[in-house]
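Structure assessment
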Amino acid sequence: MTTSPGTPAPSALQAAQGLRVLTSRLRRRFQEASDNKELTPSQLSTMSRLKQGDATASELAAAERVRPQAVATHLADLTERGFVERRPDPDDGRRQIVSLTAAGRDYMTGRRAAGNEWLARTLAEKYTEDERQTVLAALALLERLGQE
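On a predicted model such as this, the values are computed, not experimentally measured, just so you know. (Residues numbered from 1 in each chain as written. Predicted model: local features only at pLDDT ≥ 70, side-chain atom pairs only at ≥ 80, totals over all residues. Heavy atoms only, no water.)

**Description of the overall build of the chain**
Looking only at helices and strands, the chain features six helices and three strands. Going residue by residue from the N terminus, the α and β elements of the chain occur as α-α-β-α-α-β-β-α-α. On C-alpha atoms alone, the chain measures out to a radius of gyration of 20 Å, which is more than a quarter above the 15 Å that the 2.2 N^0.38 rule sets for 148 residues. Its C-alpha atoms give the chain principal-axis dimensions of roughly 60 × 45 × 25 Å. The 148 residues of the chain split such that 21% are buried. (Helix = DSSP H or I, 4+ residues; strand = E, 2+ residues; numbered from the N terminus. Rg over C-alpha atoms; globule rule 2.2 N^0.38 Å. Buried < 20%, exposed > 50% of the residue type's maximum accessible area, 1.4 Å probe, protein only.)

Structure below.
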């Protein structure tokens, strides 16, 4: 079957659908594997961004594509839990810089470790060495998707 220019091949559409379903399932399994302390996905996403470095609430809102009010609500809860802290921006006293606390970093590190342990154990139990090598080869190909 031929496709018109600009129309993805049927195999590309099938692969795209399969990858979207798989990533959603894996994300849920990672969440189940770690204690989420009843944090919302948005709060976890905010903490994940702060793991990359400090930011202002406006920068977080822009990165998350949400209203600043939504980020303010997340930050208030995360501050109350001791996961983030705010301090005045040295360049603009009207703004605050938000960063993860030591407890926030520890939580995110532990969460990642729990997910990695679950996945490694599952791969070891359910896949042969040859199948794991196939997964590694596929990952090398899929890595190009994230290089845009």
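Once you've had a look at it, read on.
**Things to note about the packing of helix α1 (residues 10–33) against helix α5 (residues 102–126)**
Working note: a packed helix pair is described by the angle between its axes plus the distance between those axes. Close contact between α1 and α5 brings their axes to 8 Å; oriented N to C, the two are set at 115°. Regarding the angle of α1 to α5, the classification is roughly perpendicular. Considering only the axes of α1 and α5, their crossing is right-handed. Each of Leu26, Arg29, Phe30, Gln31 and Ala33 in α1 lies in contact with α5, whose residues at this interface are Arg111, Ala114, Gly115, Asn116, Trp118 and Leu119. Looking at the contact of α1 with α5, its residues break down into six nonpolar, three polar and two charged. (Axes fitted to C-alpha atoms, helices over the stretch in contact; angles between N-to-C directions. Parallel < 35°, antiparallel > 145°, perpendicular 65-115°, else oblique. Left-handed = near helix turned anticlockwise from the far one by under 90°. Contact = heavy atoms within 4.5 Å. Nonpolar A, V, L, I, M, F, W, Y, C, P; charged D, E, K, R; others polar.)

**A few points about the nonpolar core**
In terms of nonpolar packing, the biggest core is built from 16 residues, with Leu39, Met47, Leu50, Val84 and Tyr107 touching the most fellow members. Among the secondary structure elements, those contributing two or more residues to this core are α2 (41–52), α3 (57–64), α4 (68–80), β3 (92–100) and α5. (Core = buried A, V, L, I, M, F, W, Y, C linked by side-chain atoms within 4.5 Å.)

**What to know about the packing of α3 against α4**
Direction vectors running N to C along α3 and α4 enclose 115°, while the axes themselves pass 9 Å from each other. By the angle class used here, α3 and α4 are roughly perpendicular. Seen from above, α3 lies across α4 with right-handed handedness. Contact with α3, carried on its side by Ala57, Leu60 and Ala61, involves Pro68, Val71 and Leu75 of α4 and no other residues of that element. When grouped by side-chain class, the residues that make up the contact of α3 with α4 number six nonpolar, no polar and no charged.

**Describing the sheet that holds β3**
Strand order in this open sheet of three strands is β1-β3-β2, and the pairing throughout is antiparallel. With one partner strand each, in any of the chains shown, β1 (55–56) and β2 (84–89) form the two edges of the open sheet. In this structure, β1 lies alongside β3, joined through two bridges in antiparallel fashion. The partner of threonine 56 across the bridge, within β3, is isoleucine 97. Packed onto the sheet, α4 meets β2 and β3 and runs at close to 115° relative to β2. (Pairing = 2+ DSSP bridges.)

**Some thoughts on the pairing of β2**
Across six bridges, the pairing between β2 and β3 is antiparallel. Across the sheet, arginine 87 pairs through a bridge with isoleucine 97, a residue of β3. Two successive antiparallel strands, β2 and β3, enclose a turn made up of two residues.

**Some details on the pattern of salt bridges**
Tallying each qualifying case throughout the model produces eight salt bridges. Close ionic contact of aspartate 92 with arginine 95 constitutes a salt bridge, the shortest N to O distance being 4.0 Å. Accessibility expressed as a relative area gives 18% for aspartate 92, which makes it buried. (Salt bridge = Lys/Arg side-chain N within 4 Å of Asp/Glu carboxyl O.)

**Observations regarding the environment of asparagine 116**
Within the secondary structure layout, asparagine 116 lies in helix α5. Residue asparagine 116 is classed as partly exposed on the basis of its relative accessible area of 46%. With 82 residues separating them along the chain, asparagine 116 and serine 34 place their C-alpha atoms 9.9 Å apart.

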